[in-house]
Amino acid sequence: MCGIVGYIGNKNSKDILIGGLSELEYRGYDSAGIAILTNGKIDTFKAIGKLVNLEEKVKDLEVDGLSVGIGHTRWATHGSPTELNAHPHLGEFSYVVHNGIIENYKELKESLISDGVKFLSQTDTEVIVHLYEKNFAKLDDELKAFEKTISQLDGAYAILLITKSDDKKIFFAKHGSPMIVGNSEDEIYFGSSDAALLGKASEVIYLEDGEYGYTSFGEIKLFNKDEEVALNKKPLVGDKISAQKSGFRFFMEKEIYEQSDVLSDAILGRVSDDKIIFDELESDFFDSVNHIKICACGTSYHSALSASYLLERDAKIPTTVEIASEFRYKEPLLSLDTLFIVISQSGETADTLEALKMAKRAGLKTLAICNVDNSSIVRGADFSIMTRAGIEKGVASTKAFATQVIVLWMLSLYLAQKRDSITKDKLQDEIKAIKHIPAATIVKDELHQQLKRLSKRYLHGHGFFFIGRDIFFPLALEGALKLKEISYLHAEGYPAGEMKHGPIALADSELFTVALIPKTLLYDKVKSNVEELCARDVTLLAISPEPFDLADDFIKTDSHTHPMGEFFEMMVVTQLLALEISIRVGNDVDMPRNLAKSVTVE
Ligand code: F6R
């Protein structure tokens, strides 16, 4: 979703802003802009499309000495992606960038228009800058005018505002959208995510909802409800190199290859020879839990679905899974013996965050499974388990999904051991299987080459069905989602046993079926479902350790003793298949059209 950067200092603010925005590109955007204030003189540039278009426009701008700058990558919500709608938005003498949604912007806009204000854009954001200038005209004090402005806004926002009337400050506010202030000696940086600050700031402050303030060179003033608050600085950890592509064609490809390593990280210190350990959880936290409800969106929803099989099978806890955007408005009945789990790669997904807030309001125990520490979801939940996938830049999630699934598997076993619903021997077998997963997800060159070759046969047709049973059904959903996200080809995931209840009507030679046929789980059942499809002449790509005579294409996976070993290996196959098809059709794998990495609006 949108990205924000800001900077005050003596370095070249143009380079810092553009560099910061490029680190946020992975979030997805359709236009970008910057504004730089130097000695009362403002320069603004906006461009639609990729950041290179903006870079081209700013190339002749010289910035010397102390300057103040703000920048933004926009993913259109109110108003189409045009230069006028791109941020920064300008008033008479002030400029603003904003992430989130101003829910009462229509009322504010009408009132400003009746005061004679002229609007240039269709955005909700533009009201902020005009409102600020109106307040400034009355109060004649920048901070007071800014305070008054944010008090009039409903909705979610992270805002940076600069103004010619005080040209050495950035005013900022956070409510519901992420914002981080960083510094390195006297230089001050802003970013809507760590990625923009890595390699620049040494210390950071993760702003809390309701916090606002201003920064000038070497100074950060932070307030909450009119009171100045102390700065809670933390060292910024993370390395920039891992945020680069390291020779792979796309971040997504690099992230598929990284899965073996991040899965090792995810289990590190959490599995001993005979037990599962989560130091981050209080031992009595799960007492009195009789049900589990999991809420998530997209890929995270698929990991939740896989977990529901494991939680019921291992921990013997009834588990339901809901798509967060559906859960929000269904007036759900929640009982206090339910543990509410939210899963999110980014930790900022608006629907998931709101579902979490609803569960908290209802008094439920809450647990977040998340990849981004200090994110809104992590801060909101009672406890969190970090998935340790590292920064994921490809918009289509791969390693984040893999780490979510392994964490949820470990959680199922952790609960099983707590509730004595698993024997010692079975637990040891499970632990052995977990430890084998990093090896099972190493990408073999032979496999990648095979998928590269066969992908050329899957570029037409009238659609794909990914089919599987049990935990391989959510994997089929995820395989289909990956493919449609980056290839723009129609793909559906289906339970293999459900095909004959309708979808089989679509079967013909132009229907591509990707069948997940594990040996360790319901092999004969899936096989006969696939045979029914072959009898209708579908084109079949079978993925299985067992040869499948009817397959048009066959990917032979290794033999595993545990279904999860097969799950993770097949996951890699479906990811590579999507990647290679997308490359063949010439799409931007890392930034597919219409998608954003972090969906911070509902
Ligand atoms: C798909 C994908 C999305 C996200 C979804 C939830 O590849 O990445 O479907 O999974 O938008 O995002 P998080 O996990 O950040 O809450």
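Structure report, in brief. (Residues numbered from 1 in each chain as written. Predicted model: local features only at pLDDT ≥ 70, side-chain atom pairs only at ≥ 80, totals over all residues. Heavy atoms only, no water.)

### Observations regarding the overall build of the protein chain
Then step 1. A count of helical and extended segments in the protein chain gives 17 helices and 25 strands.
Then step 2. Against the globule reference of 25 Å for 602 residues, the protein chain gives a C-alpha radius of gyration of 25 Å, in line with a compact fold.
Then step 3. By its C-alpha atoms, the protein chain is 75 × 55 × 45 Å across when sized along the principal axes.
Then step 4. The buried share of the protein chain, taken over its 602 residues, is 60%.
Then step 5. Carbon and sulfur atoms make up 49% of the accessible area of the protein chain, which amounts to about 23200 Å² in all.
Then step 6. Placing the 67 positive and 91 negative side-chain charges of the protein chain at their respective mean positions leaves the two points 1 Å apart. (Helix = DSSP H or I, 4+ residues; strand = E, 2+ residues; numbered from the N terminus. Rg over C-alpha atoms; globule rule 2.2 N^0.38 Å. Buried < 20%, exposed > 50% of the residue type's maximum accessible area, 1.4 Å probe, protein only. Areas by Shrake-Rupley, 256 points an atom, 1.4 Å probe, with all protein chains shown as cover. Lys, Arg positive; Asp, Glu negative; His and termini not counted. Charge placed at Lys NZ, Arg CZ, Asp CG, Glu CD.)

### Some thoughts on the side chain of T441
Then step 1. Turning to its location among the elements, T441 is positioned in the loop between α13 (424-440) and α14 (445-454).
Then step 2. By relative accessible area, T441 is classed as buried at 0%.
Then step 3. Within the structure, the side chain of T441 is placed 3.1 Å from the backbone oxygen of P438, a separation counted as a polar contact.
Then step 4. In contact with T441, not counting residues within four places along its chain, are Q259, S260, L263, F568, M571 and V572. (Polar contact = N/O pair within 3.5 Å; in protein donor to acceptor, adjacent residues only side chain to side chain. Contact = heavy atoms within 4.5 Å.)

### A few points about the nonpolar core
Then step 1. The biggest cluster of nonpolar side chains holds 89 residues, and the ones touching the most others in it are I276, L367, I406, W409, L411, F464 and F568.
Then step 2. With 13 residues, helix α12 (residues 399-418) is the largest single contributor of residues to this core.
Then step 3. Looking at which domains feed residues into this core, each of domain 2 (252-438) and domain 3 (443-584) supplies at least three.
Then step 4. Once residues within four sequence positions are removed from consideration, I276 is found in contact with R270, V271, M410, L413, Y414, Q417, L427, I431 and I434. (Core = buried A, V, L, I, M, F, W, Y, C linked by side-chain atoms within 4.5 Å. Domains from an automatic or database assignment.)

### Observations concerning unusual backbone geometry
Then step 1. The omega angle of the peptide bond from H87 to P88 is -5°, so this bond is cis rather than trans.
Then step 2. As for its position among the elements, P88 is in the loop between β4 (67-74) and β5 (89-90).
Then step 3. In the Ramachandran plot, Y488 falls in the positive-phi region, its phi being about 65° despite a non-glycine side chain.
Then step 4. In this fold, Y488 is placed in the loop between α15 (472-487) and β22 (491-495).
Then step 5. The class of Y488 is partly exposed, set by a relative accessible area of 27%.

### Focus on the environment of E569
Then step 1. When you line up the elements, E569 lands in helix α17 (residues 563-584).
Then step 2. Residues E569 and E348, spaced 221 residues apart in sequence, show a C-alpha to C-alpha distance of 29 Å.
Then step 3. Leaving out residues up to four positions away in the same chain, E569 has contacts with A440, K444, T557, D558 and H560.
Then step 4. In this structure the side chain of E569 is engaged in a polar contact, spanning 3.1 Å, whose partner is the backbone nitrogen of D558.

### Remarks on the packing of aromatic side chains
Then step 1. Enumeration according to the criterion identifies 21 aromatic pairs in this entry.
Then step 2. Centre to centre, the rings of Y212 and F223 are 5.7 Å apart; their planes meet at 25°, and the pair counts as stacked. With Y212 in strand β12 (residues 211-216) and F223 in strand β13 (residues 219-224), the pair connects residues that are 11 residues apart, well separated along the chain.
Then step 3. Under the relative-accessibility criterion, Y212 is labelled buried at 5%.
Then step 4. Taking 5.0 Å as the distance between ring centres and 70° as the angle between the ring planes, the aromatic pair formed by Y458 and F512 counts as edge-to-face. With a gap of 54 residues between them, Y458 in the loop between α14 and β21 (463-468) and F512 in strand β23 (residues 511-516) connect regions that are remote in the sequence. Considered together, Y458 and F512 belong to a single accessibility category, that of buried residues.
Then step 5. An aromatic cluster of three or more residues is present, and its members are F278, F285, F286, F383 and Y414.
Then step 6. It is K169 that lies over the ring of Y214; its NZ or CZ is 4.8 Å from the centre.
Then step 7. When the ring centre of Y523 is taken as origin, the NZ or CZ atom of K519, which lies over that ring, is 4.4 Å away. (Phe/Tyr/Trp six-rings, centres within 6.5 Å; stacked < 30°, edge-to-face > 60°. Lys NZ or Arg CZ within 6 Å of the ring centre and 35° of its normal.)

### Quick look at the packing of helix α7 (residues 259-267) against α12
Then step 1. Closest axis-to-axis distance for the α7/α12 pair is 9 Å, and the angle between their directions is 30°. The angle between α7 and α12 falls in the class roughly parallel. Taken as a pair, α7 and α12 cross one another with a handedness that is right-handed. Of α12, the residues touching α7 (which contributes Q259, V262, L263, A266 and I267) are K399, A402, T403, I406 and M410.
Then step 2. Residue composition of the contact of α7 with α12, by class: seven nonpolar, two polar and one charged. (Axes fitted to C-alpha atoms, helices over the stretch in contact; angles between N-to-C directions. Parallel < 35°, antiparallel > 145°, perpendicular 65-115°, else oblique. Left-handed = near helix turned anticlockwise from the far one by under 90°. Nonpolar A, V, L, I, M, F, W, Y, C, P; charged D, E, K, R; others polar.)

### Section: the packing of helix α3 (residues 105-114) against helix α4 (residues 126-139)
Then step 1. Across the interface, α3 lies against α4 with an axial gap of 10 Å and an inter-helix angle of 50°. One finds that α3 runs oblique with respect to α4. The handedness of the crossing between α3 and α4 is left-handed. Residues Y105, L108, K109, S111 and L112 of α3 lie in contact with α4, whose contacting residues are V127, H130, L131 and K134.
Then step 2. Per-class residue counts for the contact of α3 with α4 are five nonpolar, two polar and two charged.

Nothing here speaks to function; it is all geometry.
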